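# Chain and residue survey
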Amino acid sequence: MLNNFTFNRKKPEETGIESDWIINFLNRLENCHLPMHGFILMKDDAIVAETYYSPYQADTLHRMFSITKSFVSIAIGLLEEEGRLSLDDKIITHFPEKLDGTEKSPYLSEMTIRDMLMMSSCHSMTTYKAPGCTDWVGSFFTTAPSHVPGTTFSYDTSATHTLCALVEKITGKKMLDYLREKFLNEIGFSKNAYVMEAPGGESLGGSGLMATPMDLLRFMYVISKGGNFNGKQLLPADYVKKATSWQTDTYAKSATWEEMQGYGYQFWMTTHNGVSCYGMGGQYACYYPDKNIILITTADTQGRQGGTQLIYDAFYQEIYDKIGQPCSCESSCGLDKYLSTRTLFCVEGKSASPIKEKINDTRYFMDNNPNGFKWISLSLKKYGGTFDYETDKGVFSLPFGIGSNEIVQFPFYHYKAAVSGAFRRDDTFLIKAHLVDECVGNVFIQLVFKDNDVTLMMRKFEETMFNEFDGFISGHLPKN
């Protein structure tokens, strides 16, 4: 049965945080055009700020990417507590059916569940990303190892995916269903949350969790209490302590300062003595015991070099490092209004241009190109328009707003998107589509007009799809 537990709420000033610090934190990210989707701040076990960037709402399920890994870790810890596995088990003993009958490398044979939890598998990269791979778990056992397991950190999502498959093999249940029965229902985790599936039908344990920011807060809150919730020990305290403690050195392998702080069992260590569940694109659930504070964010930093570090830096400098300074006793009356008016940013620019009449509803025929575009056209109205085009996949129309986002289904892929466009210069029209679905990312479509020609410059920031929206193509008006 789902527990309807709700957290206490306080004004920030009641916990020693100025409302203006929160506004400054979010403004700093917004001023850098970092697409934030959601934000929750908890201090001393009370929520002090919460906001969502329209079209995201409090109950919108968001792709949490690698935060899923932390959930898999807890499932493994629960199975260990039940005596159904040991962290020192050799992983091949649990998947004999995945071995192809050939003699295995001793590196693979020696690898333990603990090695995999620590991101110290025998593989230097994720194994299932080879083109055409449909047996993601099998690839973990048939890909040639690169080094002795348990020796060095190397981020291997296929290791976590295999651990998730192990949870489902042992329990006979979906990983999230198992966790619901063990503790998620107890803490009020969303009943409609789910984990996407891999081609083989097993849960996408490395990156497939669809949940709300509040779900992340509930999860991290229990972690912050050592697995205890309202006086009830839901998770094995010793395992939680080890999972959220430094187990592996990440310094030489990681790209950002925060990621160089070490790794536990599918949890990251951070500066400021913190621990973090981290998902690609700015999905964060961070706990800082020194000041008893939990930070939750959902975002899309893909394509923004250093974007995830920017979230950390802004939080430390605008909020965390200021805690303990003299704080006003009066809360800012503007905070609630500010938090209630957040929205995904749209393309900045003009709605009109001297060339608007010439290019409006004009069809440009594209040079031969590997993207498959045959022709394109812009249909421009006062507050929006459409980008019309034909590719090898068919004829499509992508609506967009001008001065605001139009919420649409992206053509062909049918993922929800928030799309806007504007003239960045008299000769340049830019369209940006925020993908706000199971697929999180963004697509840029820039059209630059010159005389009777147009050049289409496209960039997509999404893992596996939208490949036709990447590259340069020129087109021309038909000759009379």
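Let me sum up the structure you'll find in this document. Source: prediction; values computed, not measured.

### A short note on the overall build of the protein
- Of regular secondary structure, the protein possesses 12 helices and 22 strands.
- Its C-alpha radius of gyration of 24 Å places the protein within 12% of the 23 Å reference for a compact globule of 480 residues.
- C-alpha atoms of the protein, sized along the principal axes, occupy 80 × 70 × 45 Å.
- The burial tally for the protein puts 57% of its 480 residues in the buried class.
- Of the accessible surface of the protein, which amounts to about 19,800 Å², a share of 49% is contributed by carbon and sulfur atoms.
- Charged side chains of the protein number 46 positive and 57 negative; the gap between the two group centres comes to 3 Å.

### A closer look at the nonpolar core
- F71, I74, I76, I91, L179 and F183 are the most contacted members of the largest nonpolar core, which totals 78 residues.
- If near-sequence neighbours (up to four positions away) are discounted, I76 is found in contact with L85, L87, I113, L117, L163, L166, V167 and Y239.
- Within the second largest apolar cluster, 41 residues are counted, among which are L34, I311, L339 and V436.

### A few points about the pairing of strand β19 (residues 428-436)
- Most of β19 sits out of view: nine of its nine residues are buried.
- Because side chains alternate across β19, one face comprises the buried residues T428, L430, K432, H434 and V436, and the other comprises F429, I431, A433 and L435, equally buried.
- By the bridge criterion, eight bridges tie strand β18 (residues 416-425) to β19 in an arrangement that is antiparallel. Following the sheet pairing, R425 is matched in β19 by T428.
- Bridge analysis of β19 against strand β20 (residues 440-450) gives nine bridges, and the strand direction is antiparallel. Paired with K432 across the bridge in β20 is F444.
- A loop of three residues connects β19 with β20, the two strands running antiparallel in sequence.

### Comments concerning the packing of aromatic side chains
- In the structure shown here, the tally under the stated rule is 44 aromatic pairs.
- Between the aromatic rings of F71 and F189, the centroid separation amounts to 5.8 Å while the plane-to-plane angle is 65 degrees, which identifies the pairing as edge-to-face. Residue F71 is found in helix α2 (residues 67-81), and its partner F189 is found in the loop between α7 (175-184) and β5 (194-195); the two are separated by 118 residues along the sequence.
- Given a relative accessible area of 0%, F189 falls into the buried group.
- Geometrically, the ring pair formed by F219 and F267 is stacked, given 6.5 Å between the ring centres and 0 degrees between the ring planes. Of the two residues, F219 is situated in helix α8 (residues 213-224) and F267 in the loop between α9 (237-243) and β9 (268-270); the sequence distance between them amounts to 48 residues. Side by side, F219 and F267 carry an identical accessibility label, which is buried.
- Sitting over the face of the ring of Y338, R342 holds its NZ or CZ atom 3.8 Å from the ring centroid.

### Some details on the sheet that holds strand β4 (residues 62-63)
- Overall, antiparallel pairing links the three strands, which are arranged β4-β6-β5 in an open sheet. Single-partner strands in this sheet number two, and they are β4 and β5.
- Both β4 and strand β6 (residues 209-211) contribute to a ladder of two bridges, which runs antiparallel. Within β6, the position partnered with H62 by the bridge is A211.

### Here we look at the sheet that holds strand β12 (residues 293-299)
- Here seven strands make up an open sheet; going across it, the order is β1-β3-β2-β12-β11-β10-β9 and the pairing mixed. Either end of the sheet is taken by a strand with one partner, and the two such strands are β1 (8-9) and β9.
- Where α8 meets the sheet, its contacts fall on β1, β2 (36-43), β3 (46-52), β10 (274-279), β11 (283-288) and β12, and the angle it forms with β12 comes to roughly 150 degrees.
- Sheet contacts for helix α10 (residues 307-318): β2, β9, β10, β11 and β12; angle to β11, the most-contacted strand, approximately 35 degrees.

### Observations regarding the pattern of salt bridges
- Enumeration over the complete set of coordinates arrives at 21 salt bridges.
- E186 is the partner of K232 in a salt bridge, and the nearest nitrogen-oxygen pair spans 3.9 Å. Taken as a pair, K232 in strand β8 (residues 232-233) and E186 in the loop between α7 and β5 lie far apart in primary sequence, 46 residues in all.
- Given the relative accessible area of 45%, K232 is considered partly exposed.
- Among the ionic contacts, a cluster of salt bridges with common partners joins R28, E318 and K322.

### Some details on the packing of helix α1 (residues 19-31) against α10
- Two elements in contact, α1 and α10, have axes whose closest approach is 9 Å; the angle formed by their N-to-C orientations is 155 degrees. Looking at the two axes, α1 sits roughly antiparallel to α10. Where α1 crosses over α10, the handedness of that crossing is right-handed. Only L310, I311, D313, A314, F315, Q317 and E318 of α10 make contact with α1, whose side of the interface consists of W21, N24, F25, R28 and L29.
- Of the residues belonging to the contact of α1 with α10, the class tally is seven nonpolar, two polar and three charged.

What counts as what
- Residues numbered from 1 in each chain as written.
- Predicted model: local features only at pLDDT ≥ 70, side-chain atom pairs only at ≥ 80, totals over all residues.
- Heavy atoms only, no water.
- Helix = DSSP H or I, 4+ residues; strand = E, 2+ residues; numbered from the N terminus.
- Rg over C-alpha atoms; globule rule 2.2 N^0.38 Å.
- Buried < 20%, exposed > 50% of the residue type's maximum accessible area, 1.4 Å probe, protein only.
- Areas by Shrake-Rupley, 256 points an atom, 1.4 Å probe, with all protein chains shown as cover.
- Lys, Arg positive; Asp, Glu negative; His and termini not counted.
- Charge placed at Lys NZ, Arg CZ, Asp CG, Glu CD.
- Core = buried A, V, L, I, M, F, W, Y, C linked by side-chain atoms within 4.5 Å.
- Contact = heavy atoms within 4.5 Å.
- Pairing = 2+ DSSP bridges.
- Phe/Tyr/Trp six-rings, centres within 6.5 Å; stacked < 30°, edge-to-face > 60°.
- Lys NZ or Arg CZ within 6 Å of the ring centre and 35° of its normal.
- Axes fitted to C-alpha atoms, helices over the stretch in contact; angles between N-to-C directions.
- Salt bridge = Lys/Arg side-chain N within 4 Å of Asp/Glu carboxyl O.
- Parallel < 35°, antiparallel > 145°, perpendicular 65-115°, else oblique.
- Left-handed = near helix turned anticlockwise from the far one by under 90°.
- Nonpolar A, V, L, I, M, F, W, Y, C, P; charged D, E, K, R; others polar.

The analysis is restricted to geometry; functional conclusions fall outside its scope.
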